Amino acid sequence: MSGDKFEKDHNPAEVSLGESDQDDNATLFGSNGDPQGPAVANYNIREGTLDGQTLVNGEQGIRTENNISVLNGNSAQATDLARSQLSQLQYNENRISLDRSINTASNILSNLQAENSVRPIYYPTNIQDETLDSKLNSKSSKLALIRHNSVGNSQHLLTEPRDSSSETYSFELLKINLKIGPSSENLLQTLDKSALSQLLNEKFSHIKRHLRSLRERIDDTSSKVLVTGDLNSGKSAFCNALLRRKVMPEDQQPCTNVFCEIIDARDNNNGIEEVHAIPIGSVYLKNDERTYKIFPLEELEHLVYQSEHYSLLIVYVTDNRPVNQSLLKNGVIDIKLIDAPGLNLDSYHTTQVFSRQEEIDLVVFVVNAENHFTLSGREFISSATNDKNLIFIVVNKFDNIRDQNKCKRKIMDQVHSLSPETYKNSSNFVHFVSSKEMINQNPGGDGPDGNPDDGDGPHSPDFDHLEASLRKFLVEKRSLSKLLPAKNYLVKLYSDLIELSQINEKLYNESKIGAENELKKLGPQYDEILQSSAKTNEKISRLIESVSSEVYTNSRDQINRIINEVDHLSLGIKFEGYSNITEFARQVQERIIGKILEVVNSAEEHARNETSSAIDEIKRLGVQALGEGSLPNTRFIPSSMYSKKKDNLQRHIDNEVSLFDFVDPNFESFCKICGITIPDSRTNLLIGLTANKLWAGGLSSMAILYGPRVISTVTGIASISNYIPRFVVTKVVPGTLIGIAIGMPLYYLYKDAPHAYQRNVVKKIKRKIESEDYQHLNSLRISKEVRKVLNYPAKDISNAFATTIEKQSSRRSKILSDLKTSEISLSFYRELTKQVKEQYQIVQSFDLESVHTVN
Ligand SMILES: Nc1nc2c(ncn2[C@@H]2O[C@H](COP(=O)(O)OP(=O)(O)OP(=O)(O)O)[C@@H](O)[C@H]2O)c(=O)[nH]1
């Protein structure tokens, strides 16, 4: 954990914290509890108080190697030093806590980035903004927090979290401002979810970088003071006054063109006074002499002009004054002074950027008492106070002012409007001094004794006070300069994180409830559609089955009927004689087949009608179950049925016509043709049966052919011979009979040929039909077509059901996954809200504010 790291960072050599740093009381120095031993100072970490009774024992203070002073004197300096060290202890406590909190914040941001990469964080687009405020508070500003990646995907899932409130949010650090130009729209609202999430990710990275620099800043034991101001206001003179030495070149003409960093040489450059000039573009690495050029201090007066060669001059100087007098070498922290070029058009921007750097703990603005604040000076102060909160204002060259009270009043009025915070603490932060006099009085480097009333000079009575304030601010109250920005930043960050986390927590909670409700509704709906699908499909299957089998039966019955009737059908074809016998044969065959096909067509027509009604019924069932518009809009075209697969009976019948096709001796027809009347139907039947029997035995033709002879021998002769003369009987009758016997069959055969042909064709067809199972196959063909056609709407319905079920199912899976996401996210943000609230409280509790006033 980061906290452990920082606890280790706490250097026990600097201050002894007793047995453990958890203890409320720490022994600052001396031996605690031993009345004979050295004096001790007890510091109560929790209360931040020092037990003054044991602190001072009336002896002179001595600086030790560990920066701890053992107090042996009863002097004000010793007390001041003790205070400084105590304040360092306090500072370390706060620094460690802030360090820990910065680390926690950084970890939280990393966690948020990780979360953001898996489940994008909802970032409200309705951010409070002065220019957009009125718009955002309007009803129309109810913005969905979530935008879909694809524009076409307009149908939101009910479970998708949305911010239904018209609340606006006011982020400070997490604010993503995408406005372009003064009047442009808030572009955030046009971004989709992934773009927002990416921007937020970048924001987190940016904040993490800033946190790193804040940590570096608070961990840095040194403090940097940027001395800036108008041209020629006496900045270099002021630095020299602080050093009590003429180190920096002063001139009536503007001279300092390069930033100069004044550093204590004893601790930082082995006590060697020199200048390290850093060429433009080079990064100063003290251990790498290639990164700078070394010059003697005397060269400074030339170097400060060489802004075209050098970006920074590091000026190592030795301050031999005691630690309680020297600002650079104060015994507590390293202080670096930066003498900036005077503000002009060229340097303004650079100085402003410089002043914003994290390592700048304090900005001292030197203003010429004769000129008051220039425009660039005023601008600089307002922007610097924005960044640093507090700024020291040194009104220099006060010795040149005759009516000093009037000047003070005027300047204070200006300070009031420029930086109310500085004005509030003006006794500490606004000083009227004469740097020149300070140097002149102490040209050798002697310093003041810290007493403001010891006559530092008639025109700069405030310089001691200024120095004390500066020293206290930097050394003792470093929390204000170093830690307060970090604290303020953390407070803002945690406040934003609380808001962001709570928004997400709220939305994911709503999303979770929404998903649960959806699931509750969807369960019965899903079961219902499954049942309805099974029922409807079964009804449709049964309908198809019954219609198909009815069509089959009907077709078969009709075909059977015609086949049975075809023997006796009157074909209406006239026999035009034997010369046209082939044509006759073709017509007969065609007509008979035609009759059968007529029936087949009628069966097909019947099937079409049945199919049409069944389709209507199937559609009705589909609409009843799935609702209007759920089925594809199809139209049944009855003529399309049986349009391709023609009946091929014709092709199956032997078209060859032989002479035998015209011979079909038949007793009945014989009688009919020969004009023989059969007495009654019984005889007719008997004869018919006999004839048929004979036919069946293959004798019919013989009987017919030789029938007359049989008749003549059996009956005719016996009866007729009794009445006819013998001549007739013996000569004429036999001849006649023979003629008849030969002629009649021939006559019969001749006359019966067309009928015989029809009979033979019918027989042939029937044989064929029987052998091919024509009735069954045709009925099957017709009914199969019905089944096939009915299967189309049935399939449409089944598909529609499948689609609905699939939709429901995927919707269910989506809701389940949303629910899971919501649950995971909800627990993440609940935990996060708890954590950031705790951290917010912790950071708020750091008591840095009390050091706003330097006592
Ligand atoms: N009378 C009087 N003159 C001063 C005082 N401080 C500085 N001067 C003079 O003012 C002039 C400018 O002083 P510098 O210290 O060079 O001013 P600066 O602000 O550093 O100048 P640049 O860096 O070039 O802008 C010098 O001639 C100083 O001697 C002061 O307190 N009183």
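Residues numbered from 1 in each chain as written. Predicted model: local features only at pLDDT ≥ 70, side-chain atom pairs only at ≥ 80, totals over all residues. Heavy atoms only, no water.

An unreviewed UniProt entry lists the protein under the name Mitochondrial integral membrane protein, with Ogataea parapolymorpha given as the organism. As recorded by UniProt, the Catalytic activity (unreviewed entry) comment attached to the protein reads in full: "GTP + H2O = GDP + phosphate + H(+)". Listed in UniProt under the heading Subcellular location (unreviewed entry), the comment for the protein reads: "Mitochondrion outer membrane". (UniProt positions renumbered as here; feature names shortened; annotations may be inferred.)

A. Spotlight on the overall build of the protein. Scanning the protein from N- to C-terminus turns up 22 helices and 14 strands. Within the protein, the fraction of its 855 residues that count as buried is 46%. The long-range fraction of contacts in the protein, counting pairs at least 24 apart against all pairs at least 6 apart in sequence, stands at 76%. Per element, the accessible surface of the protein, about 43,400 Å² overall, is 50% carbon and sulfur. (Helix = DSSP H or I, 4+ residues; strand = E, 2+ residues; numbered from the N terminus. Buried < 20%, exposed > 50% of the residue type's maximum accessible area, 1.4 Å probe, protein only. Contact = heavy atoms within 4.5 Å. Areas by Shrake-Rupley, 256 points an atom, 1.4 Å probe, with all protein chains shown as cover.)

B. Region of the structure containing the site of the ligand. Neighbouring the ligand are 21 residues, the closest being Asn232, Lys235, Ser236, Cys255 and Asp399. Between the ligand and serine 236, the relevant distance is 2.8 Å, taken from an oxygen atom to a side-chain nitrogen or oxygen of the residue. Here aspartate 251 contributes a backbone N or O atom positioned 3.0 Å from an oxygen atom of the ligand. If the ligand stood free it would expose 640 Å²; the protein chains cover 93% of that surface. If you list the elements that add at least two residues to the shell around the ligand, you get helix H5 (235-243) and helix H13 (435-441). Top contributing element to the shell around the ligand by residue count: H5, with three residues. Of the residues that constitute the shell around the ligand, the class distribution is four nonpolar, 11 polar and six charged. (Near = heavy atom within 4 Å. Polar contact = N/O pair within 3.5 Å; in protein donor to acceptor, adjacent residues only side chain to side chain. Nonpolar A, V, L, I, M, F, W, Y, C, P; charged D, E, K, R; others polar.)

C. Structural detail: the pattern of salt bridges. Under the definition given, this model contains 23 salt bridges. The shortest N-O distance in the salt bridge between aspartate 219 and arginine 95 comes to 3.1 Å. One end of the pair, aspartate 219, is in helix H4 (residues 193-219); the other, arginine 95, is in helix H2 (residues 76-118), with 124 residues separating them in the sequence. For arginine 95, a relative accessible area of 9% gives the class buried. In this structure, the salt-bridge partner of arginine 321 is aspartate 319, at a minimum N-O distance of 2.8 Å. Assigned by exposure class, arginine 321 and aspartate 319 land together as buried. (Salt bridge = Lys/Arg side-chain N within 4 Å of Asp/Glu carboxyl O.)

D. Just the nonpolar core, in detail. Core analysis: the biggest nonpolar cluster contains 50 residues, and Val588, Ile592, Ile596, Val786 and Leu790 have the highest contact counts within it. Every element with two or more residues in this core is listed here: helix H15 (478-565), helix H16 (581-626), helix H21 (726-772) and helix H22 (774-845). If we skip the residues at most four places from it in the chain, valine 786 touches Val547, Ser548, Val551, Ala607, Thr611, Met641 and Tyr642. (Core = buried A, V, L, I, M, F, W, Y, C linked by side-chain atoms within 4.5 Å.)

E. Spotlight on the environment of leucine 174. Looking at where leucine 174 falls in the secondary structure, it is placed in the loop between helix H3 (133-136) and H4. Sequence spacing of leucine 174 and tyrosine 123 is 51 residues, and the spatial spacing of their C-alpha atoms is 9.5 Å. Those residues in contact with leucine 174, other than ones at most four positions away along the chain, are Tyr123, Lys203, Phe204, Ile207, Asp496, Leu497 and Leu500.

F. Structural detail: the packing of H16 against H22. Direction vectors running N to C along H16 and H22 enclose 15°, while the axes themselves pass 10 Å from each other. Taken together, the axes of H16 and H22 are roughly parallel relative to one another. Remark: the crossing between H16 and H22 carries right-handed chirality. Among the residues forming the contact of H16 with H22, the class breakdown is 20 nonpolar, four polar and three charged. (Axes fitted to C-alpha atoms, helices over the stretch in contact; angles between N-to-C directions. Parallel < 35°, antiparallel > 145°, perpendicular 65-115°, else oblique. Left-handed = near helix turned anticlockwise from the far one by under 90°.)

G. Representation of the pairing of strand E10 (residues 310-317). Most of E10 sits inside the fold, with seven of its eight residues counted as buried. Of the strand pairs in this sheet, strand E7 (residues 259-264) and E10 are connected by six bridges, and their pairing is parallel. Considered in E10, the bridge of isoleucine 263 is made with tyrosine 316. Pairing geometry for strand E8 (residues 274-279) and E10, over six bridges, is antiparallel. The residue of E10 that forms the bridge with alanine 277 is leucine 313. (Pairing = 2+ DSSP bridges.)

H. Broad picture of the sheet that holds strand E13 (residues 392-396). Reading across the sheet, the nine strands line up as E9-E8-E10-E7-E11-E6-E12-E13-E14 and stay open at both edges, with mixed pairing between neighbours. At either end of the open sheet lies a strand with only one pairing partner, and these are strand E9 (293-295) and strand E14 (430-432). Going from strand to strand, the sheet's axes swing by 20° on average, the running direction of each strand aside. Two elements, E8 and E9, share three bridges in a ladder whose sense is antiparallel. Each residue of the ladder has a partner; that of alanine 277, found in E9, is lysine 293.

I. Expanded view of unusual backbone geometry. Located in the positive-phi region is asparagine 270, a residue other than glycine, with phi close to 50°. Tracing the backbone shows asparagine 270 in the loop between helix H6 (265-268) and E8. Of the residues examined, asparagine 270 reaches a relative accessible area of 72% and is grouped as exposed. The backbone of lysine 397 sits at a positive phi, close to 60°, despite the residue not being glycine. Relative to the elements of secondary structure, lysine 397 occurs in the loop between E13 and helix H10 (404-418).

J. Inspection of the packing of aromatic side chains at higher detail. All told, the structure shown has 11 aromatic pairs when counted by the stated rule. Arranged with centres 5.6 Å apart and planes meeting at 25°, the rings of tyrosine 123 and phenylalanine 171 form a pair that is stacked. Of this pair, tyrosine 123 sits in the loop between H2 and H3 while phenylalanine 171 is found in the loop between H3 and H4, placing the two residues 48 residues apart along the sequence. No difference in accessibility class separates tyrosine 123 from phenylalanine 171, as the two residues are buried. Taking 5.0 Å as the distance between ring centres and 65° as the angle between the ring planes, the aromatic pair formed by tyrosine 284 and tyrosine 292 counts as edge-to-face. Classification of tyrosine 284 as partly exposed rests on a relative accessible area of 22%. Pairwise contacts between aromatic rings join Tyr122, Tyr508, Phe828 and Tyr829 into one cluster. (Phe/Tyr/Trp six-rings, centres within 6.5 Å; stacked < 30°, edge-to-face > 60°.)

K. Region of the structure containing H16. Between its first and last C-alpha, H16 extends 65 Å over 46 residues, near the 68 Å set by a 1.5 Å rise per residue. In the stretch just after H16, glycine 627 is the one whose phi turns positive, near 95°. (Expected span 1.5 Å × (residues − 1).)

L. Structural view of a nonpolar patch on the surface. Together, Ile738, Ile742 and Leu746 line one region of the surface with nonpolar side chains, adding up to about 310 Å² of accessible area. With respect to the secondary-structure elements, isoleucine 742 resides in helix H21. (Patch = residues over 30% accessible without salt bridge, like charges linked within 9 Å, V, L, I, M, F, W, Y side chains within 5 Å.)

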